[in-house]
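Structural overview
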There are 2 protein chains.
Amino acid sequence: MFWEKEFETLRRKDLEKLQVDRLKKTINQAMESPFYKELYAAKGITAERISDVKDIRELPFTTKQDLRNHFPYGFLTQPKKEIIRLHSSSGTTGNPTVIFHNRHDIASWANLMARSLFCAGIRDTDVFQNICGYGLFTGGLGFQYGIERLGCLSIPAGAGNSLRQIKLMRDYGTTAIHAIPSYLGRLYEVFQAEGLDPRKDTDLRIFVIGAEPHTEEQRRRIEEMFGVKAYNSFGLSEMNGPGVAFECTEQAGLHIWEDAYLIEILDPETLEPVPDGEFGELVMTTLDRQAMPLIRYRTRDLTRIIPEPCACGRTHARIDRIAGRSDDMFIIKGCNVFPMQVEGVLLRIPEVGSDYRITLEEINGADEMIVEVEVKKDWFNGDIARLEKLTRVITSQIRDEVLAKPIVRLVEPGAIPKGKGKAVRVIDKRKQIATQIQTT
Amino acid sequence: MFWEKEFETLRRKDLEKLQVDRLKKTINQAMESPFYKELYAAKGITAERISDVKDIRELPFTTKQDLRNHFPYGFLTQPKKEIIRLHSSSGTTGNPTVIFHNRHDIASWANLMARSLFCAGIRDTDVFQNICGYGLFTGGLGFQYGIERLGCLSIPAGAGNSLRQIKLMRDYGTTAIHAIPSYLGRLYEVFQAEGLDPRKDTDLRIFVIGAEPHTEEQRRRIEEMFGVKAYNSFGLSEMNGPGVAFECTEQAGLHIWEDAYLIEILDPETLEPVPDGEFGELVMTTLDRQAMPLIRYRTRDLTRIIPEPCACGRTHARIDRIAGRSDDMFIIKGCNVFPMQVEGVLLRIPEVGSDYRITLEEINGADEMIVEVEVKKDWFNGDIARLEKLTRVITSQIRDEVLAKPIVRLVEPGAIPKGKGKAVRVIDKRKQIATQIQTT
Ligand SMILES: [Zn+2]
Ligand SMILES: [Zn+2]
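Notes on the structure in this doc start here. It should be emphasised that the depicted structure is a prediction, and the values quoted were computed from it without experimental measurement.

Below, the discussion takes up the relation of the copies chain B and chain A. Between chain B and chain A, which share one sequence, the superposing operator has a rotation angle of 180° and an axial displacement of 0.1 Å; the RMSD is 0.1 Å. Seen this way, the second copy is the image of the first under a two-fold rotation axis. Taking the C-alpha atom as reference, chain B places B:Y134 closest to the rotation axis, 2.9 Å from it.

This part covers the coordination of the zinc ion (ligand 1). Residues and elements named next belong to chain A. Protein coordination of the zinc ion (ligand 1) is provided by C248 (SG), H255 (NE2), C310 (SG) and C312 (SG), with donor distances spanning 2.1 to 2.3 Å. Expressed as a motif, the donor residue spacing for the zinc ion (ligand 1) is C-x6-H-x54-C-x1-C. An identical accessibility class is assigned to C310 and C312; each is buried.

Ideal coordination angles are 109.5 degrees for a metal with four donors arranged tetrahedrally and 90 or 180 degrees for a metal with six donors arranged octahedrally. All names here are of chain B. Distances from the zinc ion (ligand 2) to its protein donors, C248 (SG), H255 (NE2), C310 (SG) and C312 (SG), fall at 2.1 to 2.2 Å. Each of the four donor atoms around the zinc ion (ligand 2) contributes to a set of angles spanning 100 to 118°, which defines the coordination as tetrahedral. For the zinc ion (ligand 2), all donor residues lie on one chain, and their spacing in sequence is C-x6-H-x54-C-x1-C. Placement of C248 in the loop between β8 (241-247) and β9 (254-256) and of C310 in the loop between β13 (305-306) and β14 (318-319) is noted, with a sequence separation of 62 residues between them. Taking the relative accessible area as the measure of exposure, C310 reaches 10% and is therefore buried.

A few words now on the pattern of salt bridges. Residues and elements named next belong to chain A. Enumeration over the complete set of coordinates arrives at 54 salt bridges over all chains. Between R11 and D14 there is a salt bridge, and its shortest N-O distance comes to 3.1 Å. With a relative accessible area of 58%, R11 lands in the exposed category. A residue is classified by how much of its surface remains accessible, and D14, at 30% relative accessible area, is partly exposed.

This brings us to empty space enclosed by the protein. All names here are of chain A. Throughout the structure, instances matching the rule amount to six cavities of 30 Å³ or more. In this structure, the largest cavity spans a volume of roughly 80 Å³. In terms of lining residues, the second largest cavity is bounded by D105, S108, W109, L112, N240, A260, Y261, T286, D288 and R289. No other element matches helix α5 (residues 103-119), which puts four residues into the lining of the second largest cavity. Each residue belonging to the lining of the second largest cavity can be placed in one class, and the counts come to four nonpolar, three polar and three charged.

Across the boundary between the two partners, chain B contributes 47 residues, which contact 47 residues of chain A. Buried surface at the junction of chain B and chain A, both sides included, amounts to about 3800 Å², of which 60% is carbon and sulfur. Its largest share of buried area at the contact with chain A, chain B owes to B:E148, B:L153 and B:Y172, together 18% of the area lost on that side. Applying the counting rule to chain B against chain A returns four salt bridges. Two residues, A:D124 and B:K81, come together in a salt bridge whose shortest N-O distance is 3.1 Å. Taken together, the links from chain B to chain A amount to 24 residue pairs in polar contact (both at pLDDT 80 or more). Looking at the side of chain B that touches chain A, the elements with two or more residues in it are β1 (83-88), β2 (98-102), α5 (103-119), α6 (138-150), β4 (153-155) and α7 (162-172) of chain B. Looking at the side of chain B that touches chain A, its residues break down into 24 nonpolar, 13 polar and ten charged.

Conventions used here
- Residues numbered from 1 in each chain as written.
- Chains lettered and ligands numbered in written order.
- Predicted model: local features only at pLDDT ≥ 70, side-chain atom pairs only at ≥ 80, totals over all residues.
- Heavy atoms only, no water.
- Least-squares fit on C-alpha atoms with pLDDT ≥ 70 in both.
- Donors = N, O, S within 2.8 Å, 3.2 Å for Na, K, Ca; no water.
- Buried < 20%, exposed > 50% of the residue type's maximum accessible area, 1.4 Å probe, protein only.
- Tetrahedral: all angles 85-135°; square planar, octahedral: opposite > 155°, others 65-115°.
- Helix = DSSP H or I, 4+ residues; strand = E, 2+ residues; numbered from the N terminus.
- Salt bridge = Lys/Arg side-chain N within 4 Å of Asp/Glu carboxyl O.
- 1 Å grid on protein atoms, 1.4 Å probe; cavity = no way out; pocket = protein on both sides within 12 Å on 5 of 7 lines; lining within 4 Å.
- Points joined across faces, edges and corners; volume = space filled by probe spheres on them.
- Nonpolar A, V, L, I, M, F, W, Y, C, P; charged D, E, K, R; others polar.
- Contact = heavy atoms within 4.5 Å.
- Buried area = accessible area lost by both parts, 1.4 Å probe.
- Polar contact = N/O pair within 3.5 Å; in protein donor to acceptor, adjacent residues only side chain to side chain.

If you want it as structure tokens, here you go:
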């Protein structure tokens, strides 16, 4: 079952042909903007140079800083009259990043959202409660237009007020929800405080979760609490917002819509492509946006292509859940490592408590990754053999994940100092200055 | 200049013919809902009985209580599968009121909103900042869809954060704004605090204000502060939300879209029609809503038809700004009086201060309306003749407005006791129990 079978199941060869056609159109369109016009003229770039998707590698990158430097209209290809909406980052000082959409862009986005929701098993018979801020944040209107395009009964609930959210769910028989994962734990607590069990007292069946990094374990916990299937949604405001990549019912990676986006996975250091299956930075080119196309936009999001074809029949590539930001990446023993990878391993080990810390330092002339791991309260009973066994398990699992062997040190609960706000996960003593990497 | 000339300038005769056709369709559609099916069957009502718009008077009224009693699906004419959005009143206890829309209804609403904005002089070249809560509140999505339908560049700013609102206006050259009138005073203060003058430091030219009762004087003040034209918007959630009636550039009453709504102005006591030009309760019937038509819905809003044809060429009736709620109305000396009428008179008199109070009581066997009016600080200088003159002016102006002669008593500033929260404007001693009427 597909929303648009002809696009979603296109043979790779035909999909690439479509991408080449659209990329050429996009380059021509982009050259209507001051930024690309000047940049491409200076480098002698024209659409004629493209005859294969790989030819995109000859084009320069676009960065968030470019967007800021050419704020607000440097990337706009059309007169303001043609534009029907903007979404912009918040803040009251400095240049925000802004994306402009014409009528075609809004319709195309709504269609991609509808395709995404359909792909996760949502149908026009569903009652879809969008628990998400509206306004300039793209999650509100992005989902709203997609839900209506698909034909669900939409409940534009907005964010917050859990009691009211629960009342809406029960009043109108909500079956599907979009929310950020960290909210769902709180929502569940309110269900419990009200003496309600979402598994029995609601019709919920599908959650769409995104906009926040989360692990497979968090997903499974949400599924169990609410008795639903939870699907990953990926998007970023520069690429519209939600509707970029979405999990199908296989729950094995997110299909990224390759008729609308040309993707590359590059080594963030060398900016060369990594082989399929390896982690790198996602670089994206819009293929169906008119008002403000972006070419080779460096998302800074880290992911990998899942190489095998998906059982669902969709031919569009799958990406893995976002493993962090390329700015967070560190290199140890020649391996690119992202803190989220280490965190993912630790979360799967039941004996592990709530905190960990990675320290990178030179020991006896070699760079080492020291991973301090808090064990659960009362787990350590004085049995040294037990301690050593767990240390070995964690060491080997991290090595399997990141390919570099860590030095694992188990510590008592609370032994890792808590900072204010977000936890500092990585301390890099090799560079003499502490690189503070923050994860949620 | 019209958005849809063929509808907006329809000759009255043809407009009424269209209304009759649509009313019959609406009755048939309504009878697909449990509520109207039962009600009309019991009363033997069918669409065949309608051959003139006046025949609507044979149909029973629908009230908010009906909506609550048959919550949530009693008024729904179609399976949930056909519905793509609901808007519902907030609150976590009791039955809210909910309105369901199918795809046609959402498109029709967006079109009425676009027509409304166009009517107030807004064009696809405008940059429209919607300063208004999104989500279940109808102002957010209602305006959003209309702005995009018209083709403006929409900025879905949401409510609050004045500094950010101002930055958005200046970053993107906002020319038009939708906001509630009470917010605009605060917004102006923030402009001032930032050392900015909206007349010089922005491109603002048109404001759309609604959702809150306000006076002509408040409108003029807003226009002066910001150097804009401000237009009244009227809507209520049961009739979609915004887009029901809107001022044209004549600023002389709000065109109510009679191809989408059949309106009646009734005496709230007798429920008989009042003559054109006289105030009464607005009763509305949807003519272009499929999922949830409402027939003879008692809005409780008080207004009047402005009888003369409008200079703009639109043939759809104009209503006056809302003069209050029918629940607020009192009868004195045989006249229907609404506190907003008295307030409107007082606001036009420069010597009058910030507070007033109306007391209804029997004096020497006759019911009297006593209006206590605070004068401005330091206005009374001991000159009795000046006092008497102002009293006479206020008395005659109130009598001209409400047709009943009041007893006016001028008092010192602060003499009228302030309650917590909203001011108590009317005390009815005739009934022995104080009727507390709250106005903003
Ligand atoms: Zn799949
Ligand atoms: Zn007019």
